[in-house]
Amino acid sequence: MSNTGFSFPVIHDAIDIMTPFLLAGIGGLVTELSGMLNIALEGLILLGAFFSVIFASITGSLFLGLLFGVITTMFIAFIFGAITIYLKANEFITAIAVNLLATGLTAVISFHFFGTKGNLVFDNFARLPVFDLPALDSIPIIGDIFLGHNIIVYAGWLLVFVFWFVLYKTPYGLRLRGVGLNFKAMSALGLNPKKYRLEAIVISGFTCALAGASLSLNIGAYVPNISSGRGWIALVVIYLGGRTPLGILIASFIFALAESFSNYAQGFINIPADFILAFPYIITVVALVLVSAIKKRQQKIS
Amino acid sequence: MQTCLEMRNICKTYSINGRTVNKNVDLTVRKGEIHALLGENGAGKTTLMNILYGIIHPDSGEIFINGKKVFIDSPLTANRSGIGMVHQHFRLIDDFTVAQNVVLGMEPRHGLFKFDNTKAEKDVLSVINKNGFKLEPNAKISDLSVGQMQQVEIVKMLYRKADLLILDEPTSVLTEHEIQNLFIRLKKLVKTGKTVIIITHKLKEVKRLSDRLTVLRSGKVVGVRNTADVDESEISRLMVGRTVALKPIKVETEIKEEALKLENVVLKKRRQERPILDNLSFKVFKGEILGIAAVAGNGLSELENLLGGMVRITSGRLLINGQDVTNEGAAVFRRAGLSYVPSDRLKRGSSIESSVRENIILTNHHRFVKKTGEIDSSAADEFSSKLIDNFNIDADPSTRTGTLSGGNIQKVILSRELEHIDGLVVFAEPTWGLDIASSEYIYKKIIEVKSEGAAVVIISSNIEEIINLSDRIIVMHSGEIVCETKNTEDIDAAVIGDYMLGLKNDFSKVTNER
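Residues numbered from 1 in each chain as written. Chains lettered and ligands numbered in written order. Predicted model: local features only at pLDDT ≥ 70, side-chain atom pairs only at ≥ 80, totals over all residues. Heavy atoms only, no water.

## Thoughts on the overall build of chain A
Next up, step 1: Secondary structure summary: chain A contains 13 helices and four strands in total.
Next up, step 2: A compact globule built from 302 residues would reach a C-alpha radius of gyration of about 19 Å, and chain A, at 20 Å, matches this within 12%.
Next up, step 3: Residue burial in chain A is summarised as follows: out of 302 residues, 50% are buried.
Next up, step 4: For chain A, the proportion of contacts with a sequence separation of at least 24, taken over those separated by at least 6, is 72%.
Next up, step 5: When the accessible surface of chain A is summed, it comes to about 13,700 Å², and 71% of that surface belongs to carbon and sulfur atoms.
Next up, step 6: Between the averaged position of the 16 positive side-chain charges in chain A and that of its 12 negative side-chain charges there is a distance of 21 Å. (Helix = DSSP H or I, 4+ residues; strand = E, 2+ residues; numbered from the N terminus. Rg over C-alpha atoms; globule rule 2.2 N^0.38 Å. Buried < 20%, exposed > 50% of the residue type's maximum accessible area, 1.4 Å probe, protein only. Contact = heavy atoms within 4.5 Å. Areas by Shrake-Rupley, 256 points an atom, 1.4 Å probe, with all protein chains shown as cover. Lys, Arg positive; Asp, Glu negative; His and termini not counted. Charge placed at Lys NZ, Arg CZ, Asp CG, Glu CD.)

Structure representation (structure tokens):
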């Protein structure tokens, strides 16, 4: 998708590309702060992408597709969470199971109902509506960077703010972070910390489903492995962003910018495409090294 | 006086191992008293209190608060019945402020959703001031001392309107000074109409603090007394079930050659100016016990690490049995003659996942290797069975060490370390967390080791232990030796306490330079 009509197409595209990172990232942040490393983000994105497009085609409605897609993904996240938390299964093993299940289940359903394990393209429902937020229009020069995105992109920004508020400004957020910092302290107060962890996983299912839907509903099609590692990058984004919503916003933008740049660079820079496509991952490594170096320096000072 | 709490016929058997921990226990606590709940480790006192606080559910029995029958199934319902508990290991969130920790679960709100931090701090401050505590509501827990953290735990319960406070082993982590402050505060609290139950096995504190006491042994109540009517030896007889010597009997042994020598030892952390161990020099001779005392955080654990061969020193020399072993590491230390009983029994002293047999042969395993390279298990069995007998360990060679009681784990470590002594034994916090009977046994062994002619070093934050056992005492404060003295009959624990707190210093640098 090249939006050549915009003044900074690379940045404009980056805003679209960052949305799945951002959504999966803030969902993963909630589980992270509740004291669990959620490596199932990738699988949950894939499930969200698949089910929202399937349900949209069944119902013929974009909205219902999105709704049922999100609910189904949250339900699978709930089962994953219940097995992990209440049946005390290892969180890594169950998360790997979710990731494997996502690829397997989507292929099976796809083959059974549509006769193919390949791409599923639908045209009986509308694409994600594109909005122009009037308030952003008035920003000079860079204003149009924020225009012409689909509804989930804007929802993502809203969610960052909502999550920041819930996590840091409400009693619920205080308790959820408390669970992550000291599980025993919360159970000593009778506050049922397991409940908070389960809810955190279901919340990550919600945001990952949106992340997935933003990929598939935008093109009205499901492509196997459409998430293509975004859930893993989202994990990196959480740590790079210093485990804060604002940090995740910045980190996912940097990644998206790298990806958007490499998309454009293929067209006019005479370097092997493989190298350009690897650019986002090189950024990952460099960023991780930088962040850990900065942290070490800060520790030295204190 | 009015009855505040009555527990009737409480029974609890754990289904996992079929062990009965509470047998028809009755406990009556009067309003406005400090009631001590006493017993050896495993006597069932913590279980009883966890039942009262709703953490454990009893098989049968009834609980009455102010004459009214209550059903307590979680800490929340306990809080609602006016019961608050301060656990031995604090349940605080380090990254949160005092106020946030206190209000957690009962947060004041601003509007429907918003957490009102300002009101939280104000409310918590008023609880703090009303009850004579000294805390800043907006301070982070990680910046507080252990004593202050305990205050936060108490304030947390008072904020929840607790009238009956349960404190589980509240003094085990405190310094002498902090213990005094805690006792003053608790006495003030009961004057305002609160009731306190304190779980402990420290007899001195029971006498100092409590009005009445209930003693548990093997899950049963064996005595209820007014504290004023009993003396320490009777309490300990009730707890253990037989007469125990609270003070080990000292033995005079001939002092022989030196076994350990530290010369100007300095230990610095990287990029840190102030040394953790500052110019330590001392000697220990065979046939004597040297006690080294300090408050936690003043270099005691670093000294333990140093003597155990676990850290490298920045400068200075360390000699064992005349051999310079500076920075040579634990293996060389041991070959030079060191036996070492570490303070951390579970992480450093033993491998809790391994069997008792494996733990016992650990330092001697080369003796049990057959020519084929495998371990001669029958010889190892025989060897460990012999030591299990000698040290009265309540276990089989194949028992998993982690399932043993603290006292028995310590005996497993002792049996390994004392099986072969080559002149020097270092004990670090030898009785920390152990009950009276186990402590008595450990003290007997330490005296035995000395009378057999070895040099003994005891590193401990327990002054009583240091005074009761040592022939010589060294006190450290912020990494320096501040006092070195012969242990005579008239030595005063309070004076040693002053040295430990840094109020006194015999080696003050200023005077030395003049």
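## Quick notes on the overall build of chain B
Next up, step 1: A tally of helices and strands in chain B yields 18 helices and 22 strands.
Next up, step 2: Taken over the C-alpha trace, chain B has a radius of gyration of 25 Å; the compact-globule value for 514 residues is 24 Å, and the two agree within 12%.
Next up, step 3: The dimensions of chain B, computed from C-alpha atoms along their principal axes, are 70 × 60 × 50 Å.
Next up, step 4: The buried share of chain B, reckoned over its 514 residues, is 54%.
Next up, step 5: Taking the intrachain contacts of chain B between residues at least 6 apart in sequence as the baseline, contacts between residues at least 24 apart amount to 67%.
Next up, step 6: Summing over all exposed atoms, chain B offers an accessible surface of approximately 23,600 Å²; the carbon and sulfur share of this is 48%.
Next up, step 7: Positive and negative side-chain charges in chain B, numbering 70 and 68 respectively, have mean positions lying 4 Å apart.

## Thoughts on the interface of chain A and chain B
Next up, step 1: In this assembly, 19 residues from chain A lie in contact with 22 residues from chain B.
Next up, step 2: Together chain A and chain B conceal approximately 1,800 Å² of surface at their shared face, both sides included; 71% is due to carbon and sulfur atoms.
Next up, step 3: In terms of surface lost to chain B, no three residues of chain A exceed Pro171(A), Leu174(A) and Leu189(A), which account for 34% of the buried area on that side.
Next up, step 4: Counting across the chain A and chain B interface gives one salt bridge.
Next up, step 5: One salt bridge in this structure joins Arg175(A) and Glu107(B), with 2.6 Å as the shortest N-O distance.
Next up, step 6: Remark: the boundary between chain A and chain B carries four residue pairs in polar contact (both at pLDDT 80 or more).
Next up, step 7: Listing elements by their share of the side of chain A that touches chain B, those giving two or more residues are α6 (151-169), α7 (171-181) and α8 (183-188) of chain A.
Next up, step 8: A total of six residues in the side of chain A that touches chain B trace back to one element, the largest contributor, which is α7(A). (Buried area = accessible area lost by both parts, 1.4 Å probe. Salt bridge = Lys/Arg side-chain N within 4 Å of Asp/Glu carboxyl O. Polar contact = N/O pair within 3.5 Å; in protein donor to acceptor, adjacent residues only side chain to side chain.)

## Focus on the confidence of the model for chain B
All names here are of chain B.
Next up, step 1: Of the residues in chain B, 98% reach a pLDDT of 70 or more, and the chain-wide mean stands at 89.
Next up, step 2: The lowest-confidence element of chain B is helix α18 (residues 509-513), averaging 46 in pLDDT; the highest-confidence one is helix α3 (residues 98-103), averaging 96.
Next up, step 3: Taken as a whole, residues 510-514 scores under 50 in pLDDT and shows one contact with residues more than four places along the chain or in a different chain.
Next up, step 4: Across the whole predicted complex the pTM is 0.77, and at the interface the ipTM reaches 0.84. (pLDDT = per-residue confidence, 0-100.)

## Focus on the packing of helix α1 (residues 9-33) of chain A against helix α10 (residues 230-240) of chain A
Residue and element names in this part refer to chain A.
Next up, step 1: Remark: α1 packs on α10, axes separated minimally by 8 Å, with the N-to-C direction vectors making an angle of 60°. Regarding the angle of α1 to α10, the classification is oblique. As α1 runs across α10, the sense of the crossing is right-handed. Contacts between α1 and α10 involve Pro-20, Phe-21, Ala-24, Gly-25, Gly-28, Leu-29 and Glu-32 on the former and, on the latter, Arg-230, Ile-233, Ala-234, Ile-238 and Tyr-239. (Axes fitted to C-alpha atoms, helices over the stretch in contact; angles between N-to-C directions. Parallel < 35°, antiparallel > 145°, perpendicular 65-115°, else oblique. Left-handed = near helix turned anticlockwise from the far one by under 90°.)

## What to know about the sheet that holds strand β11 (residues 212-217) of chain B
Residue and element names in this part refer to chain B.
Next up, step 1: With mixed pairing, six strands are arranged side by side in an open sheet as β6-β9-β10-β3-β11-β12. Single-partner strands in this sheet number two, and they are β6 (83-86) and β12 (220-226). Each adjacent strand pair in this sheet contributes to an overall mean axis angle of 20°, direction not counted.
Next up, step 2: In this structure, β11 lies alongside β12, joined through six bridges in antiparallel fashion. Directly across from Leu-216, in β12, lies its bridge partner Val-221.
Next up, step 3: Here helix α8 (residues 232-240) sits on the sheet in contact with β3 (34-38), β11 and β12, set at roughly 30° to β11. (Pairing = 2+ DSSP bridges.)

## Describing the sheet that holds strand β2 (residues 20-30) of chain B
Residue and element names in this part refer to chain B.
Next up, step 1: Spatially, β2-β1-β4-β5 is the arrangement adopted by the four strands of the open sheet, whose pairing is antiparallel. For this open sheet the edge positions go to β2 and β5 (68-70), each flanked by a neighbour on one side alone. When strand polarity is set aside, the average angle formed by the axes of neighbouring strands in this sheet is 20°.
Next up, step 2: In this structure, strand β1 (residues 3-13) lies alongside strand β4 (residues 60-65), joined through five bridges in antiparallel fashion. In the strand pairing of β4, Leu-5 is matched with Ile-65.
Next up, step 3: Sheet strands in contact with helix α1 (residues 45-52) are β1, β2 and β4, and its direction is about 115° off that of β1.

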